[in-house]
Amino acid sequence: MELGDLELANPVMPASGCFGPELAELTPVDTLGAVVTKTVFAQSRPGNRTHRITEVPGGMLNSVGIPSRGTTVFRDSGLGGYAGLGAPVVISIGGLSAQEYWQVVDELGACEHAAVEVNVSCPNLEHGGATLDTDLDAMTHVVSGVVARSTKPVLVKLSPQLHGMAAAARAAQDAGATAVTVCNSFPAMAVNANSRASELGNGTGGLSGPSVKPLALRLVWTAAQAVDIPVVGCGGIGSADDVAEFLIAGATAVQVGTATFAQPDVMPRIIGELPALTERLGAERIADLIGTLTIRSEDWQ
Amino acid sequence: MTAAGVLDVLAGDRSRPRCEQVSVVVNRELSDRYRLLRFRSAAISERARAGQFVMLGPLGRSAPVLPRPMAIYTRDADAGVVDIVYGVVGYGTRALAEMTEGDLLAVTGPLGRGFVIEEGVERVLLVGRGVGICAMTTVAQDLAPTSVQVTAVLSGRNRESVLGQDVLRDCGADVLNVTDANGSSAVDAVRERLVRRFDDDPPQQILTSGSERLTRLAADLGARWNARTLVSVEAHMACGLGYCHGCAVGNGDGATEAPLVCRDGPVFGLRV
Ligand SMILES: Cc1cc2nc3c(=O)[nH]c(=O)nc-3n(C[C@H](O)[C@H](O)[C@H](O)COP(=O)(O)OP(=O)(O)OC[C@H]3O[C@@H](n4cnc5c(N)ncnc54)[C@H](O)[C@@H]3O)c2cc1C
Ligand SMILES: Cc1cc2nc3c(=O)[nH]c(=O)nc-3n(C[C@H](O)[C@H](O)[C@H](O)COP(=O)(O)O)c2cc1C
Ligand code: FES
C-alpha cells in the first residue's frame with residue numbers, strides 16, 4: 001500500500017484522537033500500517049468544557065475540542081511519545097487560520113515523521129467559524145501552503161460533507177494533497193429530556209462509531225470516484241470485514257477510531273485477520289479489492 | 001478544582017495495564033439497587049493496586065460502543081478473580097446486568113493512580129457514599145494484615161443499600177453506617193459524630209469518594225486535623241488510558257487542559 005511516498009505495511013492505521021502511545025503497553029502497535037497523532041495545534045489549548053463524551057445508540061458523541069500542548073512541546077517530547085513506536089508517524093495538524101496551520105508545519109521542520117494529515121474540520125476564524133472545507137477557496141489556500149512547506153506526503157482529512165464531498169476531494173487534490181481521508185466525525189447532539197440540557201458541555205459534538213459506517217462508506221465511494229489520489233476510509237470500522245467493505249468502495253487504506261476504546265487491541269487483531277479474509281474474498285492481495293465495487297443489478301425473476 | 005475543593009495531581013505510580021477478553025464468573029443482585037460482577041483475570045487480580053479501576057463491557061455486535069469505568073471492588077490474586085459492584089443507571093450498566101456466567105467481557109486494567117497510604121500512618125478514615133464506596137474497599141483489603149486502624153463511614157439511602165459493609169468488616173475496619181432513611185447521613189450529623197470521635201485522636205489520612213457534600217466535609221476535616229485527604233472522582237471516559245482526552249476533571253485554566261481523571265487520577269489530593 002502506498003500513499004505517495006508513505007509506504008504502509010498494511011492498510012490499517014488509527015484515526016486521529018483515537019490512539020495514543022499508551023496503547024503500546026497493551027498491544028503490538030508496531031504491526032500497524034502507520035500511527036496517526038491527535039491533532040496538533042501551534043499553541044496550547046485547553047479543549048472544551050466537560051462532559052466531553054457520551055454514548056448514543058450505535059455510536060458515541062465527543063466534544064473533546066482538541067486540547068493541545070502546542071507544536072514545540074509536541075515536537076520536543078519525542079512527538080508526544082509517538083516516535084519509537086515502530087510504525088510510520090502521521091502527524092495530524094490543525095489551526096484556526098491559515099497561518100496557524102503553516103506555523104505547525106514550519107515548527108515540525110525536519111523532525112522524524114512520515115506524513116502530515118491536515119484536519120480541515122477545525123472552525124476557521126478567518127471565515128466566520130465555519131469548518132474550513134465548507135469554503136473550498138479557504139481550504140485550497142491552507143492545503144497548498146502546507147504542501148509548499150512540507151517535504152512529506154500531505155493527507156487532507158475532510159469533514160463529512162453530505163453534498164459537497166466530490167468537490168471537496170477534488171479541491172484537496174488540486175491543492176496538491178497526496179491523499180484524502182474520508183471522513184471526520186459527524187456533527188450531532190444528544191439531549192437529556194429530564195434535565196432539558198445537552199448531554200455534552202459543548203452543546204454539540206461529533207458522532208462516530210458503527211452508526212456512521214454506511215454514511216462514511218458512501219462518502220468514500222463518492223470521493224474515490226471524484227479523484228485520482230488515494231482515499232483513506234474512516235468511520236465506524238471495527239472488523240476485518242469492515243476494512244474490506246471500505247477498500248471495495250474505493251479506499252486504499254483505512255483508519256480505525258472509536259472501536260479501539262472498547263477493544264484496545266482491535267487493530268492488530270484486524271491486521272491478523274486480513275490474509276484469511278483476502279483469501280475468502282478470492283483476491284490474491286488485499287490491494288486487489290480496492291475500488292472493485294459493482295452496483296447490484298438484478299432483473300426481476 | 002471542583003465545587004468540593006482543590007484537586008492536586010499525585011505522583012503515585014501505576015501498574016501496567018492489560019486488555020483481555022475474560023469470562024463472567026458471577027453476576028448477581030446484591031440489593032435492589034446494586035449488582036456484583038466477578039470475572040476471571042489472573043493478571044488484573046495480581047496487579048491491581050488500591051483505588052484502581054477497569055474499563056469493561058460486553059463483547060459482540062450489539063454491545064455498547066464504549067466500555068464503562070468501574071472501580072475494582074475487591075481482587076483475589078489467589079483465586080485470580082476480580083469483583084466489581086455497580087448500580088444499573090443507564091444503557092451500559094443495563095447491558096452489564098444482562099450478562100450471565102460464561103459470557104465474554106472485554107476488560108482493560110488495572111487503570112489509573114489509586115490511593116496511597118503513607119508510611120507511618122496509624123489511623124485512616126474512609127468516607128464514602130453509594131458506588132463511591134467501591135473505590136475504597138481495596139484500601140481496606142490492603143490494610144487488613146497491617147496494624148493500621150481503618151474507620152469507614154458508609155452512606156446510603158437505607159441500611160440494605162449501604163455498600164461495602166461486609167467487605168470492610170471482614171478486613172477489620174470499624175464500620176459506621178449512615179442512611180438517609182434515619183437521617184444519620186446528613187452532613188452535619190456526620191460531621192458532629194466524627195468530630196466527637198476523632199478530635200482527640202485524629203486520623204492521619206482521610207479518603208473519600210461518591211458524594212460532593214461528603215467530599216467537602218472530608219476536605220474540612222482534613223484541614224481541621226491536618227490529615228492528608230484524598231478523593232476518587234468520576235468523569236465520562238472513552239479510553240481510560242489518557243489518549244482520548246474525554247475525562248478532564250474540570251474546564252482548565254483557559255490555556256492548558258485540566259488533569260485527566262483516568263491518567264492523573266482517579267485519586268487526587270484534596271484541599272479546601
Ligand atoms: C473511575 C471510575 C470508577 C467508577 N466506579 C464505579 C463503580 O464501582 N460502580 C458503579 O456503579 N459505577 C462506577 N462508576 C460510574 C460508572 O462508570 C457509570 O455509572 C456508568 O458509566 C454509567 O453508564 P450507563 O451507560 O449505565 O449510564 P448512562 O447515563 O446511560 O451513560 C451515558 C454515558 O455517560 C457516561 N456516564 C454516565 N454516568 C457516569 C458516571 N457517573 N461516571 C462516569 N461516566 C458516566 C457513561 O459511561 C456513558 O458513556 C465509576 C466511574 C469512574 C470514572
Ligand atoms: C474522542 C475522539 C477524538 C477525536 N479527535 C480527533 C482529532 O483530534 N483530529 C481529527 O482529525 N479527528 C478526531 N476524531 C475523529 C476520528 O479521527 C474519526 O474521524 C471519527 O471518529 C470517525 O471514525 P470512527 O467511527 O472509527 O471513530 C476524534 C474522534 C473521537 C471519538
Ligand atoms: S478516558 Fe480517555 S483520556 Fe481519560
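- In the nomenclature of an unreviewed UniProt entry, chain B is known as Dihydroorotate oxidase electron transfer subunit of Prauserella salsuginis.
- For the record of chain B, the UniProt heading Cofactor (unreviewed entry) holds the text "[2Fe-2S] cluster".
- Its UniProt record gives chain B a comment under Sequence similarities (unreviewed entry), which states: "Belongs to the PyrK family."

1. Here we look at the overall build of chain B
Thinking step 1. Tallying secondary structure elements over chain B gives seven helices and 14 strands in all.
Thinking step 2. Expected size for 272 residues packed as a compact globule is a radius of gyration near 19 Å; at 18 Å, chain B falls within 12% of this value.
Thinking step 3. When the backbone C-alpha atoms are referred to their principal axes, chain B occupies close to 55 × 45 × 35 Å.
Thinking step 4. In chain B, which comprises 272 residues, the proportion classed as buried is 60%.
Thinking step 5. In chain B, once contacts between residues fewer than 6 apart in sequence are set aside, the share between residues at least 24 apart is 68%.
Thinking step 6. Carbon and sulfur atoms provide 44% of the accessible area of chain B, an area that totals close to 11400 Å².
Thinking step 7. Of the side-chain charges in chain B, 30 are positive and 32 negative, and the distance between the mean point of each set is 3 Å.

2. Quick word on the UniProt feature "domain: FAD-binding FR-type" (unreviewed entry) in chain B
Thinking step 1. Using the residue numbers shown here, the UniProt feature "domain: FAD-binding FR-type" (unreviewed entry) corresponds to residues 17-117 of chain B.
Thinking step 2. Within residues 17-117 of chain B, the helical portion is 13% and the strand portion 47%, while the C-alpha atoms at the span's ends are 21 Å from each other.

3. Focus on the interface of chain A and chain B
Thinking step 1. Each partner contributes to the interface: chain A provides 36 residues, whereas chain B provides 33 residues.
Thinking step 2. Of the roughly 2800 Å² buried where chain A meets chain B, counting both sides, 57% is carbon and sulfur surface.
Thinking step 3. The largest share of the area that chain A buries against chain B comes from Glu25, Glu55 and Phe261 of chain A, three residues that together contribute 23% of it.
Thinking step 4. Between arginine 14 of chain B and glutamate 25 of chain A there is a salt bridge, and its shortest N-O distance comes to 3.1 Å.

4. Describing the site of ligand 2
Residues and elements named next belong to chain A.
Thinking step 1. Near ligand 2, the surroundings consist of 22 residues, among which Ser16, Thr39, Lys157, Gly236 and Thr258 are the closest.
Thinking step 2. A distance of 2.6 Å separates a nitrogen atom of ligand 2 from a polar side-chain atom of threonine 39.
Thinking step 3. Separating an oxygen atom of ligand 2 from a side-chain N or O atom of threonine 258 is a distance of 2.6 Å.
Thinking step 4. Of the residues that constitute the shell around ligand 2, the class distribution is seven nonpolar, 13 polar and two charged.

5. Looking at the domain arrangement of chain B
Residue and element names in this part refer to chain B.
Thinking step 1. In terms of domain boundaries, chain B breaks down into domain 1 (18-111) and domain 2 (115-232).
Thinking step 2. Each of domain 1 and domain 2 has a C-alpha centre, and the two are 24 Å apart.
Thinking step 3. With 14 residues of domain 1 at the interface, the matching set in domain 2 holds 16 residues.
Thinking step 4. Interface area for domain 1 against domain 2, summed over the two sides, is near 1300 Å², with a carbon-plus-sulfur share of 57%.
Thinking step 5. It is Tyr34, Ala50 and Tyr73 that lose the most area in domain 1 upon contact with domain 2, and together they represent 42% of the buried surface on that side.
Thinking step 6. Run the count over domain 1 and domain 2 and you get one salt bridge.

6. Some remarks on the pairing of strand E17 (residues 231-234) of chain A
Residue and element names in this part refer to chain A.
Thinking step 1. Taking every second residue as pointing to the same face, both faces of E17 are buried, with Val231 and Gly233 on one and Val232 and Cys234 on the other.
Thinking step 2. As paired elements, strand E12 (residues 179-182) and E17 share three bridges and run parallel to each other. When the bridges of E17 are listed, threonine 181 appears paired with valine 232.
Thinking step 3. Relative to strand E18 (residues 253-256), E17 is paired through three bridges, and the arrangement is parallel.

7. As for the pattern of salt bridges
Thinking step 1. Tallied over the full model, the rule gives 25 salt bridges over all chains.
Thinking step 2. Two residues, lysine 213 of chain A and aspartate 242 of chain A, come together in a salt bridge whose shortest N-O distance is 2.7 Å. Note that lysine 213 of chain A is positioned in helix H5 (residues 213-226) and aspartate 242 of chain A in helix H6 (residues 240-248), a separation of 29 residues in sequence.
Thinking step 3. Lysine 213 of chain A gets classed as buried once you look at its relative accessible area, which sits at 15%.
Thinking step 4. One salt bridge connects glutamate 192 of chain B with arginine 196 of chain B, and the closest N-O pair in it is separated by 3.9 Å. Of the two residues, glutamate 192 of chain B and arginine 196 of chain B both sit in helix H5 (residues 187-198), four residues apart, roughly one turn of that helix. For the pair shown, glutamate 192 of chain B and arginine 196 of chain B are each scored as exposed.
Thinking step 5. Linked by salt bridges that have partners in common, Lys213, Asp242 and Glu245 of chain A make up one network.

Rules behind the numbers
Residues numbered from 1 in each chain as written. Chains lettered and ligands numbered in written order. Predicted model: local features only at pLDDT ≥ 70, side-chain atom pairs only at ≥ 80, totals over all residues. Heavy atoms only, no water. UniProt positions renumbered as here; feature names shortened; annotations may be inferred. Helix = DSSP H or I, 4+ residues; strand = E, 2+ residues; numbered from the N terminus. Rg over C-alpha atoms; globule rule 2.2 N^0.38 Å. Buried < 20%, exposed > 50% of the residue type's maximum accessible area, 1.4 Å probe, protein only. Contact = heavy atoms within 4.5 Å. Areas by Shrake-Rupley, 256 points an atom, 1.4 Å probe, with all protein chains shown as cover. Lys, Arg positive; Asp, Glu negative; His and termini not counted. Charge placed at Lys NZ, Arg CZ, Asp CG, Glu CD. Buried area = accessible area lost by both parts, 1.4 Å probe. Salt bridge = Lys/Arg side-chain N within 4 Å of Asp/Glu carboxyl O. Near = heavy atom within 4 Å. Polar contact = N/O pair within 3.5 Å; in protein donor to acceptor, adjacent residues only side chain to side chain. Nonpolar A, V, L, I, M, F, W, Y, C, P; charged D, E, K, R; others polar. Domains from an automatic or database assignment. Pairing = 2+ DSSP bridges.

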